[in-house]
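Per-entry structural report
This is what each chain is made of:
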Amino acid sequence: MTTWHWVRHGPTHQKAFTGWRDVDADLSDTGAVERLAAHLPEDALVVSSDLTRSVNTASAVQRDRTRLPHDPALREFHFGVWDGVYFSTVAEWHPDLSRAYWETPGDPTPPGGESWNTSAARVAMAVRRIEAAHPGRDIIAVAHFGVILTQVQAVLRLSATDVLAHKIDPLSVTTLDRATGQAEVINHCP
């Protein structure tokens, strides 16, 4: 049985939409990084999105664990033209669409980006592919807020609207067992 330990990358301190735009993580809180690394199973495999903030966070918690190749399918949601733009500006540009994107997530799609449903399907395919290649393993996946929420949604069988009520902090771990449909922890900051 595969257990997923979803780790959100370190803080980016961004105040704008941050999706596929490549920004680094602040990993200067070495105590938090060390507590997180110690909390995770020692024999787990480590995979991350291919964005710098996840790659560097994965390297910080890897220790002697086996590292899998970075996976672009584990990237944050693609916000299209909204990426790098302040939330208030996006609300001015696209008032109805920006509200719908967060209030009724699913099909609303940012210009040039992807919807919640498209993002969730992309991540689900990656999860199934990784599980098939490494059955029964503990997997530490260092990824992003939206990616982790899609997996909480899938495992707990929540609506996208309901799952958005969950907080996923930087350097937190969310441990999910897809086979049993249970969450051991959500947003645990060791």
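Here goes a summary of the coordinates provided. Because the structure is predicted, anything quoted here is derived from the model rather than measured. (Residues numbered from 1 in each chain as written. Predicted model: local features only at pLDDT ≥ 70, side-chain atom pairs only at ≥ 80, totals over all residues. Heavy atoms only, no water.)

Okay, unusual backbone geometry next. Even without a glycine there, the phi angle at Arg63 is positive, about 55 degrees. As for its position among the elements, Arg63 is in the loop between helix H2 (52-62) and strand E3 (66-67). A residue is classified by how much of its surface remains accessible, and Arg63, at 36% relative accessible area, is partly exposed. (Helix = DSSP H or I, 4+ residues; strand = E, 2+ residues; numbered from the N terminus. Buried < 20%, exposed > 50% of the residue type's maximum accessible area, 1.4 Å probe, protein only.)

Moving on: the nonpolar core. Ranked by internal contacts, the top residues of the largest apolar core, which has 32 residues, are Trp4, Trp6, Val47, Leu74, Trp116 and Ile130. At the level of elements, strand E1 (3-8), strand E2 (45-48), helix H5 (116-133), strand E4 (138-143), helix H6 (145-156) and helix H7 (160-163) are the ones that each hand at least two residues to this core. Of the residues forming this core, the biggest block, 6 residues, is contributed by H5. The contact partners of Trp116, leaving out residues within four places of it in the chain, are Phe77, Pro105, Gly106, Pro108, Leu149, Thr150, Gln153, Ala160, Val163 and Leu164. (Core = buried A, V, L, I, M, F, W, Y, C linked by side-chain atoms within 4.5 Å. Contact = heavy atoms within 4.5 Å.)

Turning to the packing of H5 against H6, a few remarks are in order. Angle between the axes and distance between the axes: these two values describe a pair of packed helices. Two elements in contact, H5 and H6, have axes separated by 9 Å at closest approach and are oriented at 80 degrees. The angle between H5 and H6 places the two elements in the roughly perpendicular class. Seen from H5, the contacting residues are Trp116, Ala120, Val123, Ala124 and Val127; seen from H6, they are Val147, Leu149, Thr150, Gln151 and Gln153. (Axes fitted to C-alpha atoms, helices over the stretch in contact; angles between N-to-C directions. Parallel < 35°, antiparallel > 145°, perpendicular 65-115°, else oblique.)

Another point: the layout of surface pockets. The computed volume of the largest pocket comes to approximately 390 Å³. Arg8, Thr18, Glu76, Phe87 and Phe145 are the residues nearest the centre of the largest pocket, which is lined by 22 residues in total. (1 Å grid on protein atoms, 1.4 Å probe; cavity = no way out; pocket = protein on both sides within 12 Å on 5 of 7 lines; lining within 4 Å. Points joined across faces, edges and corners; volume = space filled by probe spheres on them.)

One pass over the full model with this rule turns up 9 aromatic pairs. For the pair Phe17 and Phe79, a centre-to-centre distance of 4.9 Å together with 65 degrees between the ring planes defines the contact as edge-to-face. Of this pair, Phe17 sits in the loop between E1 and helix H1 (30-39) while Phe79 sits in the loop between E3 and helix H3 (87-93); the two residues are 62 residues apart in sequence, bridging distant segments of the chain. Between the aromatic rings of Trp82 and Tyr101, the centroid separation amounts to 5.6 Å while the plane-to-plane angle is 85 degrees, which identifies the pairing as edge-to-face. One end of the pair, Trp82, is in the loop between E3 and H3; the other, Tyr101, is in helix H4 (residues 95-103), with 19 residues separating them in the sequence. Here Trp82 and Tyr101 have matching classes, each one buried. In textbook terms, an aromatic cluster arises when at least three aromatic residues are bridged by ring pairs, as seen for Phe17, Phe79, Trp82, Phe87, Tyr101 and Trp102. Stacked on the ring of Trp20, the Lys or Arg Arg75 has its end atom at 4.9 Å from the ring centre. (Phe/Tyr/Trp six-rings, centres within 6.5 Å; stacked < 30°, edge-to-face > 60°. Lys NZ or Arg CZ within 6 Å of the ring centre and 35° of its normal.)

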